[in-house]
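A structural walkthrough
Chain by chain, the residues run as shown.
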Amino acid sequence: MNSKHGLCGVLVLASVSALALGSQQSSAPVTAPTKPVAPANHAVQHQDDGQRVFQQHCSRCHTAPDGFSPRISGTIVRHMRVRASLSGQEEEELLRFFNP
Amino acid sequence: MLRLHLDLTPLASAHAFRCSIFVAAILASAYHGAAQDTPLISGGVGFFTSTNGGMTTYLPIVEPLIAAPLGQHVLIESRAALLEIFSPDGSHRPGYDHKHFIGLTYLQGDYIASRHLTLVGGDFLIPFNTYNDRLSPIWIGNFQDGPLIASLGTFSSGSGLGGMVRGYAIARNKYSIDYAYFYSVPSSNEQFSAQRGTGGRASLYLPDQRLEAGLSYDRLLQGRHENFFGAHVWWEPKDTAFRLRSEFGRGQHAQGYWVEADYRTQAFGGLDSAIGRIEPVIRMQQTFRIDTIASDGLPPVNTERADFGLDYNLPHNTRILTSYARQLSVNGNHNVWETGIVYRFLAPAWKGRQ
């Protein structure tokens, strides 16, 4: 086994494991909501802010994934914080957008 | 950019072991993160076909990505590519030959000091123009082929080994300017091959107009000490699913540009309707050779190419990509037919805390 096989093997094995675990998750997957359903005004504002952050930063390069576990929403947002240089406040707004 | 490695020389297995331990340690050390900060495994699985001049090539590919936050300010991330190419033997002989490629695309650590400053260390994608570090994942690109000028300014491997700073120089409600500056050291390591060079990118973004324009420059500090210049303009009008992206790149020996537009209609039940999932794509590109030194990965002669694509965005993060391209040059004109399907996966690396 050489270095490529070692490191990439870990990534592939981890991917397969993650897919298997993902299929066993009991928590509902997060979907990027487009319209909030009758929430309070401040919640609507948070949703709007989060949606604005998503549209102005994330969706410049890619569309929203269909759904994902709420356990990784923070990691996704952290990743986007690096990629799109989000502020701490925008990070929170995006996190609320993913977890209304 | 995908880094391909063909010759699988038997390097020291100790190095492979160290790499494996390193990745495992990253994931393990992130285990105690907050409930929403579980490390993730993402990426794309694809199967592509390309018919060029009557010869069809098949390409199954996996691009896994891991991201693991450590505390509130640190993120470790990496992407790799594993693929197999099945191509005709050629010379009118029956049968197919196949080769496999395995490569690490990048492996970097990020320290987020503020929105104005993020420190990046490790093996990172070179921020020259936009394709290399923003559009190259197979689950993002609208075509399975990258643009003809994708190799300009990316130092052959597409990645640098060293450090990078990035962030917003100015962030206002009406406009913002972001920057990225890197310095790369030379490395002949099989996984982290890089060349000595430096450069960066600055972009202006107007959120109301959804308009982005940027300039890139980098310089190779070894060998021929070449300079590369780039410019990009993106326009994605608000409340539409129309996107216009373009880049221009100029190197020491060649230059070129590409313009790409794609659109999804919302007029027939929104983007998630059967019609709204259809995505026509068009890309026009040209390359111009300045001299005969073809060391930059661009075609050896002036080339024009038009790509016409029709993608379909299936539910559950799956895309079908189809396209026809006509490539014109003095070396001959030919058609390229491409089809493919890509599934994007995204899941926790393990079950984690609820």
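Residues numbered from 1 in each chain as written. Chains lettered and ligands numbered in written order. Predicted model: local features only at pLDDT ≥ 70, side-chain atom pairs only at ≥ 80, totals over all residues.

1. Re the overall build of chain B
- Counting its regular elements, chain B contains two helices and 16 strands.
- Residue burial in chain B is summarised as follows: out of 354 residues, 43% are buried.
- Pairs at least 24 residues apart make up 54% of the contacts formed inside chain B by residues separated by at least 6 positions. (Helix = DSSP H or I, 4+ residues; strand = E, 2+ residues; numbered from the N terminus. Buried ≥ 20, exposed ≤ 12 C-beta atoms within 10 Å, placed from the backbone. Contact = placed C-beta atoms within 7 Å.)

2. A closer look at the pairing of strand S15 (residues 318-329) of chain B
Residue and element names in this part refer to chain B.
- Looking at chain direction, strand S14 (residues 303-314) and S15 are connected through 10 bridges and run antiparallel. If you follow Arg305 over to S15, its bridge partner there is Gln327.
- A loop of three residues connects S14 with S15, the two strands running antiparallel in sequence, and His316 in this loop sits at a positive phi of about 60 degrees.
- Where S15 and strand S16 (residues 334-348) come together, 10 bridges link them in antiparallel fashion. (Pairing = 2+ DSSP bridges.)

3. As for helix H3 (residues 73-84) of chain A
- The end-to-end C-alpha distance of H3 of chain A, which contains 12 residues, comes to 16 Å, matching closely the 16 Å that a straight helix rising 1.5 Å per residue would cover.
- By the criterion of burial, H3 of chain A is predominantly enclosed, with 10 of the 12 residues buried.
- Ser73, Gly74, Thr75, Ile76, Val77, Arg78, His79, Arg81, Val82 and Ala84 of chain A are the residues of H3 of chain A that are buried.
- Looking at the packing, one finds that the buried side of H3 of chain A touches helix H4 (88-98) of chain A together with strand S1 (40-52), strand S2 (55-70), strand S3 (74-88), strand S4 (96-114) and strand S5 (117-125) of chain B.
- Remark: Ser85 of chain A follows H3 of chain A within two positions and exhibits a positive phi of approximately 50 degrees. (Expected span 1.5 Å × (residues − 1).)

4. Description of the nonpolar core
- Ranked by size, the top nonpolar core spans 66 residues in total, and within it Leu94 of chain A together with Leu40, Ile66, Ala67, Phe124 and Ile149 of chain B carry the most contacts.
- In this structure, Leu94 of chain A is in contact with Gly50, Val53, Phe54, Val77, Met80 and Leu86 of chain A, ignoring residues within four places of it in sequence. (Core = buried A, V, L, I, M, F, W, Y, C linked by C-beta atoms within 7 Å.)

5. So, the environment of Pro300 of chain B
- Among the secondary structure elements, Pro300 of chain B is positioned in the loop between strand S13 (278-289) and S14.
- C-beta crowding within 10 Å serves as the criterion here: with 14 such atoms nearby, Pro300 of chain B is assigned to the partly exposed category.

6. Points about H4 of chain A
Residue and element names in this part refer to chain A.
- Within H4 the residues assigned to the buried category are Glu90, Glu93, Leu94, Phe97 and Phe98. Down the axis, H4 shows its buried residues gathered within 140 degrees of arc, on one side only. The outward face of H4, more than 90 degrees from its buried face, is lined by the exposed residues Gly88 and Gln89. (Arc of directions from axis to C-beta.)

7. Notes on the pairing of strand S7 (residues 176-184) of chain B
Residue and element names in this part refer to chain B.
- Looking at chain direction, strand S6 (residues 159-171) and S7 are connected through nine bridges and run antiparallel. Looking at S7, one finds that Val165 is bridged to Tyr181.
- Taking the residues that link successive antiparallel strands as the turn, the S6-S7 hairpin has four residues.
- Note that S7 and strand S8 (residues 197-206) share nine bridges and pair antiparallel. By the bridge assignment for S8, Ser184 is matched with Gly197.

8. With respect to the packing of H3 of chain A against H4 of chain A
All names here are of chain A.
- Between H3 and H4, the shortest axis-to-axis distance is 10 Å and the interhelical angle comes to 140 degrees. Here H3 is positioned oblique relative to H4, judged by the angle of their axes. For H3 against H4, the interelement crossing comes out right-handed. Together, Ser73, Gly74, Val77, Met80 and Arg81 of H3 and Glu91, Leu94, Leu95 and Phe98 of H4 make up the contact between the two elements.
- For the contact of H3 with H4, the residue count by class is five nonpolar, two polar and two charged. (Axes fitted to C-alpha atoms, helices over the stretch in contact; angles between N-to-C directions. Parallel < 35°, antiparallel > 145°, perpendicular 65-115°, else oblique. Left-handed = near helix turned anticlockwise from the far one by under 90°. Nonpolar A, V, L, I, M, F, W, Y, C, P; charged D, E, K, R; others polar.)

9. Observations regarding unusual backbone geometry
Residue and element names in this part refer to chain B.
- Of note in this structure, Asn129 is not a glycine but carries a positive phi near 55 degrees.
- Note that Asn129 resides in the loop between S5 and helix H2 (131-135).
- When the 29 C-beta atoms within 10 Å are taken as the criterion, Asn129 is described as buried.
- The backbone phi angle of Asn317 is positive, close to 60 degrees, even though this residue is not glycine.
- With respect to the element layout, Asn317 can be found in the loop between S14 and S15.
- Among the residues examined, Asn317 registers 20 C-beta atoms within 10 Å and is labelled buried.

Without other data, these values stay purely geometric and don't point to any function.
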